[in-house]
Amino acid sequence: MSLQHALNALAALPISGVNAYGVGALPAVAQRAALPALLVVPFDLPDLPLLPSDGLSAATFEQGSTHAQISVTHLLLLTTTEAAQPLRATIPALIAAVDAVLAAYAADPLLGDALAEPMRVRAALGVYPWGVSRFYGCAFRHQWLLRL
């Protein structure tokens, strides 16, 4: 399977009430009408405070191995920090959205057959910049073993 196939499978996970954007359709600015949004970001952005990552790790072909470890971020943007409602009113919706995303991962941990082993995911709730705004959201940091 290819990296592109795995990234497309991640973007296509069915998550009710969330707009998904794959790498070929990342918006420059997240419009409020399109929130909540999930963005597939296959690299670290300098202004995005994510968990430490190796990005695309070197593939090792020792003893015939045909796998590569890959880090990918699935960024959930729920609402802007400038929204009219206070943070305490946003937290329940954020938790519900995180639960929905995690349930989708659990339902398809191999992204079809794109991954060689089930995905490993760490989640970091916080405030994330995208475009000109800052958003309450969650960065899901994936570690994949991709079959080459």
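Given the structure is predicted, the values throughout are model-derived calculations rather than measurements.

Calculation criteria
Residues numbered from 1 in each chain as written. Predicted model: local features only at pLDDT ≥ 70, side-chain atom pairs only at ≥ 80, totals over all residues. Heavy atoms only, no water. Buried < 20%, exposed > 50% of the residue type's maximum accessible area, 1.4 Å probe, protein only. Helix = DSSP H or I, 4+ residues; strand = E, 2+ residues; numbered from the N terminus. Contact = heavy atoms within 4.5 Å. Phe/Tyr/Trp six-rings, centres within 6.5 Å; stacked < 30°, edge-to-face > 60°. Patch = residues over 30% accessible without salt bridge, like charges linked within 9 Å, V, L, I, M, F, W, Y side chains within 5 Å. Areas by Shrake-Rupley, 256 points an atom, 1.4 Å probe, with all protein chains shown as cover. Salt bridge = Lys/Arg side-chain N within 4 Å of Asp/Glu carboxyl O. Pairing = 2+ DSSP bridges. Expected span 1.5 Å × (residues − 1). Polar contact = N/O pair within 3.5 Å; in protein donor to acceptor, adjacent residues only side chain to side chain.

Draft legend 1. Region of the structure containing helix α1 (residues 3-11). Residues of α1 that are buried include every one of Ala6, Leu7, Ala9, Leu10 and Ala11, and no others. On its buried side, α1 packs onto β1 (19-21), β2 (37-41), β3 (67-80), α2 (87-107) and β5 (133-147).

Draft legend 2. Up close: the packing of aromatic side chains. Scanning all chains against the criterion turns up one aromatic pair. Ring centres of Tyr105 and Phe140 lie 5.6 Å apart, and the angle between their planes is 90 degrees; on these two criteria the pair is classed as edge-to-face. Taken together, the residues span a long stretch of sequence, with Tyr105 in helix α2 and Phe140 in strand β5 at a distance of 35 residues. Residue class for Phe140 comes out buried when judged on its relative accessible area of 0%.

Draft legend 3. Expanded view of a nonpolar patch on the surface. On the surface, a cluster of nonpolar side chains totalling about 330 Å² of accessible area is made up of Leu87, Ile91, Ile95 and Leu125. Among the elements that take part in the nonpolar patch, α2 stands out by supplying three residues, more than any other. Position of Leu87 among the secondary structure elements: in helix α2.

Draft legend 4. Representation of the pairing of strand β4 (residues 120-130) within the structure. Relative to β5, β4 is paired through 11 bridges, and the arrangement is antiparallel. Bridged to Val127 within β5 is Tyr136. Counting the residues that bridge the hairpin from β4 to β5 gives two residues, and of these Gly131 lies at a positive phi of roughly 65 degrees.

Draft legend 5. Region of the structure containing α2. Given a rise of 1.5 Å per residue, 21 residues ought to cover 30 Å, and the 30 Å separating the end C-alpha atoms of α2 matches this to within 8%. Taken together, the buried positions of α2 are occupied by Thr90, Leu94, Ala97, Val98, Val101, Ala104 and Tyr105.

Draft legend 6. Geometry of the environment of His142. Along the chain, His142 turns up in strand β5. Along the primary structure His142 and Thr73 are separated by 69 residues, whereas in three dimensions their C-alpha atoms are 6.0 Å apart. Setting aside residues up to four positions removed in sequence, His142 forms contacts with Leu10, Ile70, Ser71, Val72, His74, Tyr105, Met119, Arg120 and Val121. At a separation of 3.1 Å, a polar atom in the side chain of His142 contacts the side chain of Tyr105.

Draft legend 7. Quick peek at the side chain of Thr79. Looking at the secondary structure, you find Thr79 in strand β3. For Thr79, a relative accessible area of 15% gives the class buried. In contact with Thr79, not counting residues within four places along its chain, are Leu35, Thr90, Arg134, Phe135 and Tyr136.

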